[in-house]
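# Structure at a glance
Now for the letters of each chain:
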Amino acid sequence: MNPFERKILIEELRNEIVWDLLIIGGGATGLGIAVDAASRGFKTLLVEQDDFAKGTSSRSTKLVHGGVRYLGQGNISLVKEALKERGLLLKNAPHLTKNESIIIPCYSWLKVFFYATGLKFYDWLSGGLTLGKSKVISKKELISRLPTLEKKSLKSGVLYHDGTFDDARLALNLAQTCVENGGVALNYCKVVSLIKSGDDKIRGANVLDKESGELYEIKSKVVVNATGVFVDDIIKMDNARSKSLIRPSQGIHLVLDSSFLQSMDSIMIPHTDDGRVLFAIPWYDKVLIGTTDTPLNNHSPEPRALESEIEFVLNTAGKYLSKKPAKKDVLSVFAGLRPLAATADNNKKTKEISRSHKVIISESGLVSVIGGKWTTYRKMAEDTLSAIMKRKMLPAKKCITADLKIHGYTPVNTTGALSFYGADKNKLEALIDSNQLYAEPLNKETGILAGQVVWAVRNEMARTVEDVLARRTRLLFTDAGLAFKVAPKVAEIMMHELNRDEVWKQNQTRGFIELAKGYILNDNLDSITSPK
Ligand SMILES: Cc1cc2nc3c(=O)[nH]c(=O)nc-3n(C[C@H](O)[C@H](O)[C@H](O)COP(=O)(O)OP(=O)(O)OC[C@H]3O[C@@H](n4cnc5c(N)ncnc54)[C@H](O)[C@@H]3O)c2cc1C
């Protein structure tokens, strides 16, 4: 088995072999397919142009959920499927997931009845994979569980269960699971063109190693396009005249100090002023509030929150919280793009477009996967492999992912600041103990240790300061100002670990600081960036 080391894995691209599957895109969709394919015994290669989960897959609401609001849209089969997947994910990756109590505060008795009934149905749909029964809670219990909730006209609340998770860490652990099952997963490798044979069938792709600048000609029986909002770019490499399949919809989140919630329970507001759903979720030691649903006509790897979206989230949160959040309280803002399937009806609101997924196989054999959500990534992968095998593009082999433990799995969940490393926690602690410098925090304000940076480089394929601060640890998402401050220290440690020079260090620090500014609200930039 290969170690999860880029230097070793990239050598596999030099082999003159024909892969069974080449998967383009290292987000939830591509990584799920890579794990499924590798664990079925297929020769699997996944390439990601940036870092694993750099795209939408690190920018979700962090819910492993059936989707209560899809019930309201009558999409029962989607909810049922997602509830099953929710159960499987909590079972197979307990180190990254948590059973979360979510409370809907109700300001009328009619609403109490409405949500209590709907959530009983939600419970029932989850069958044997239930996370606990929903219930109506008294106003007294509600206030004791959610002390910062706006109490005026409050009647009661309905509590139900869903999961929460760390999306970027799950993506990383899926990449590791793929490699442990004999596959290859590489970050910073971009598909620049597709390779076709004389009969116009796709036979592989040209892959650029963005670190070395080397170009590899990769031959593969099947090429899977799992590039989220970039899916049309790859489809156009196959057929320049194809119609767009994706309509991106942006969602943003604001991260606040935990004092705004003061609870381990989450709040769900099912109907905001414009009919959206808003969550306030305790995540790490902060509160995550979102999201929005704003149709866009373009896509980028670093989408930016619109001023109107920030106002909307702050105003709506302020209606339900006694401590009203203002711009100065925002520790981080991040935006993500939903790869929603385009519909013939362009006037359809994005929140009404189905979140279910589609597998499309072009005449030349390009397999594109569109739509879906993080929670259902495993089922999306299984459906993709089924479609490939149905077309006899690969021989039939059994799917084993329903019971496959994801890298880091521990039968007994560990606790504490390093618990999200799961089974790796002991090895990380041994590394930290091996050198007293590794036990030092990056600065006085953060609990992240120098040893975690070393670990990320040696064992988690972190190549840049951003990889460490955005996705191996989540500091950019939980406190962008703090991430800004520790970036030079991270660059220093990485320079030594990766054997780079001072120029690399300076470029990395500068690049990260520019990026971090996009996660800090303009109003707060001066106070964070000016030297004290
Ligand atoms: C605001 C928001 C909140 C959400 N909340 C939830 C939630 O709480 N729960 C849930 O279940 N789902 C949620 N979702 C949905 C979920 O996050 C997405 O469905 C999922 O992350 C999409 O994954 P993906 O792999 O398809 O796309 P991405 O994560 O975007 O991955 C595609 C990857 O392809 C790469 N790529 C593109 N072109 C190339 C190329 N030429 N070569 C190599 N690589 C390439 C990109 O760099 C990118 O990393 C949310 C989505 C949004 C936007």
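In this numbering scheme, every chain counts its residues from 1 along its sequence in written order. Given that this is a predicted model, residues contribute local features only at a pLDDT of at least 70 and side-chain atom pairs are listed and counted only at 80 or more, while totals for whole chains, interfaces and linings are drawn from all residues. Side-chain measures here rest on the full set of heavy atoms in the structure, leaving out hydrogens and waters.

Looking now at the packing of aromatic side chains. Here the distance between the centres and the angle between the planes together describe a pair of aromatic rings. Only the six-membered ring of Trp is used, alongside the rings of Phe and Tyr, when aromatic pairs are assigned; centres must lie within 6.5 Å, and planes under 30 degrees apart are stacked while those over 60 apart are edge-to-face, with the rest tilted. In this structure the tally under the stated criterion is 12 aromatic pairs. Ring centres of Trp 283 and Tyr 284 lie 4.9 Å apart, and the angle between their planes is 70°; on these two criteria the pair is classed as edge-to-face. Under the scheme applied here, a residue whose accessible area is under 20% of the maximum for its type counts as buried, over 50% as exposed, and between as partly exposed, the area being computed with a 1.4 Å probe on protein chains only. For Tyr 284, a relative accessible area of 39% puts it in the partly exposed group. Arranged with centres 5.7 Å apart and planes meeting at 85°, the rings of Tyr 284 and Phe 420 form a pair that is edge-to-face. With Tyr 284 in the loop between strand 13 (278-283) and strand 14 (286-290) and Phe 420 in the loop between helix 10 (377-390) and helix 11 (425-433), this pair connects stretches of sequence that are 136 residues apart. Grouping aromatic residues by their ring pairs yields a cluster made of Trp 283, Tyr 284, Phe 420 and Tyr 421. A ring has a charge above it when a Lys NZ or an Arg CZ is no more than 6 Å from the ring centre and no more than 35 degrees off the ring normal. Sitting above the plane of the Phe 260 ring, Lys 323 keeps its charged end 4.3 Å from the centroid. Cation over ring: Lys 405 sits above Tyr 409, and NZ or CZ is 5.0 Å from the ring centre. A run of H or I in DSSP counts as a helix once it spans at least four residues, and a run of E counts as a strand once it spans at least two, with each numbered from the N terminus.

Our next topic: the nonpolar core. Buried residues of nine kinds, namely Ala, Val, Leu, Ile, Met, Phe, Trp, Tyr and Cys, make up a nonpolar core once their side-chain atoms join them within 4.5 Å. Counting residues in each nonpolar core, the largest one holds 124 residues, and the members touching the most others are Leu 476 and Met 494. With 11 residues, helix 15 (residues 480-497) is the largest single contributor of residues to this core. Residue contacts for Met 494: discarding those within four places in its chain leaves Val 453, Val 457, Ala 462, Arg 463, Thr 464, Val 465, Val 468, Asn 499 and Trp 504. Counting 29 residues, the second largest nonpolar core, distinct from the first, contains Leu 146, Ile 269, Ala 317 and Leu 521. Contacts are assigned to residue pairs that have any heavy atoms within 4.5 Å of one another.

Let us look at helix 15. Look at helix 15: 24 Å from first C-alpha to last across 18 residues, which is about the 26 Å you get at 1.5 Å a residue. Of the residues making up helix 15, those classed as buried are Ala 480, Gly 481, Leu 482, Ala 483, Phe 484, Val 486, Ala 487, Val 490, Ala 491, Ile 493, Met 494 and Met 495. Where the residues of helix 15 are buried, they touch strand 16 (332-341), helix 12 (450-459), helix 13 (465-472), helix 14 (475-478), helix 16 (502-517) and helix 17 (522-529). Just past helix 15, the residue Asn 499 takes up positive phi, approximately 60°. Expected span, for any helix, means 1.5 Å times one less than how many residues it has.

For this document, the term salt bridge refers to a Lys or Arg side-chain nitrogen within 4 Å of an Asp or Glu carboxyl oxygen. All chains considered together, the criterion is met by 47 salt bridges. Asp 123 is paired through a salt bridge with Lys 120; the nearest N and O atoms lie 3.8 Å apart. Of this pair, Asp 123 and Lys 120 both sit in helix 5 (residues 109-126), three residues apart, which is roughly one turn of that helix. Note on Asp 123: relative accessible area 14%, which makes it buried. Residues Arg 378 and Glu 382 are paired through a salt bridge, measuring 3.1 Å at the closest nitrogen-oxygen approach. Placement of both Arg 378 and Glu 382 in helix 10 is noted, with a separation of four residues, approximately one turn of the helix. Because the salt bridges share partners, they merge into one network encompassing Asp 51, Lys 54, Arg 59, Glu 302, Arg 304, Glu 466, Asp 467, Arg 471 and Arg 472.

This part covers helix 11. Within helix 11, the full set of buried residues consists of Lys 425, Leu 428, Leu 431 and Ile 432. Seen from one end, helix 11 has its buried residues packed into an arc of 120°, which puts them on one side. Exposed positions of helix 11 whose direction lies more than 90 degrees from the buried face are Asn 426, Lys 427 and Asp 433. Arc definition: it is the arc formed by the directions from the helix axis to the C-beta atoms.

Neighbouring residues of the ligand: 36 residues in total, closest Thr 29, Glu 48, Ser 57, Leu 63 and Thr 375. We get accessible surface area from the Shrake-Rupley algorithm with a probe of 1.4 Å; when it comes to residues, only the shown protein chains can shield them. Surface burial for the ligand is 95%, taken as the share of its 1000 Å² of free accessible area covered by protein chains. Contributions of two or more residues to the shell around the ligand are made by helix 2 (28-39), strand 8 (189-196), strand 11 (246-257) and strand 16. Amino acid classes used here: Ala, Val, Leu, Ile, Met, Phe, Trp, Tyr, Cys and Pro are nonpolar; Asp, Glu, Lys and Arg are charged; the rest, including Gly, are polar. Split by residue class, the shell around the ligand holds 11 nonpolar, 19 polar and six charged. Throughout, the term near means that a residue has one or more heavy atoms lying within 4 Å of the molecule or strand in question.

Right, let's get into unusual backbone geometry. The omega angle of the peptide bond from Gly 290 to Thr 291 is 20°, so this bond is cis rather than trans. The topology assignment puts Thr 291 in the loop between strand 14 and strand 15 (294-295). In this model, Ser 153 sits at a positive phi of 65°, which is unusual for a non-glycine residue. Inspection of the secondary structure puts Ser 153 in the loop between helix 6 (139-145) and strand 6 (156-165). Even without being glycine, Asp 200 reaches a positive phi, approximately 65°. On the secondary structure map, Asp 200 appears in the loop between strand 8 and strand 9 (202-209).

A separate point is the environment of Asn 435. Structurally, Asn 435 can be placed in the loop between helix 11 and helix 12. Judged by its relative accessible area of 24%, Asn 435 falls in the partly exposed class. The sequence separation of Asn 435 and His 271 amounts to 164 residues, and the corresponding C-alpha distance is 52 Å.

Before going further, it helps to examine a nonpolar patch on the surface. In this scheme, patches are assembled from residues that exceed 30% relative accessible area and form no salt bridge. Like charges are connected within 9 Å, while nonpolar side chains (Val, Leu, Ile, Met, Phe, Trp, Tyr) are connected within 5 Å. Where nonpolar side chains cluster on the molecular surface, the patch consists of Ile 76, Phe 121 and Trp 124 and spans about 320 Å² of accessible area. Assignment of secondary structure puts Trp 124 in helix 5. We classify Trp 124 as exposed; its relative accessible area is 62%.

This brings us to the pairing of strand 11. Within strand 11, 11 of the 12 residues are buried, leaving the element largely enclosed by the surrounding structure. Strand pairing follows a simple DSSP-based rule, namely that at least 2 bridges must link the two strands. Note: strand 11 against strand 16, 10 bridges, orientation antiparallel. When the bridges of strand 16 are listed, Ile 246 appears paired with Ala 341. Relative to strand 14, strand 11 is paired through five bridges, and the arrangement is antiparallel. Residue pairing across strands places Val 255 opposite Leu 288, the latter belonging to strand 14.

Right, let's get into the side chain of Thr 294. On the secondary structure map, Thr 294 appears in strand 15. Exposure remark for Thr 294: the relative accessible area of 15% places this residue in the buried category. The contact partners of Thr 294, leaving out residues within four places of it in the chain, are Pro 248, Ser 249, Gln 250, Arg 276, Leu 306 and Glu 309.

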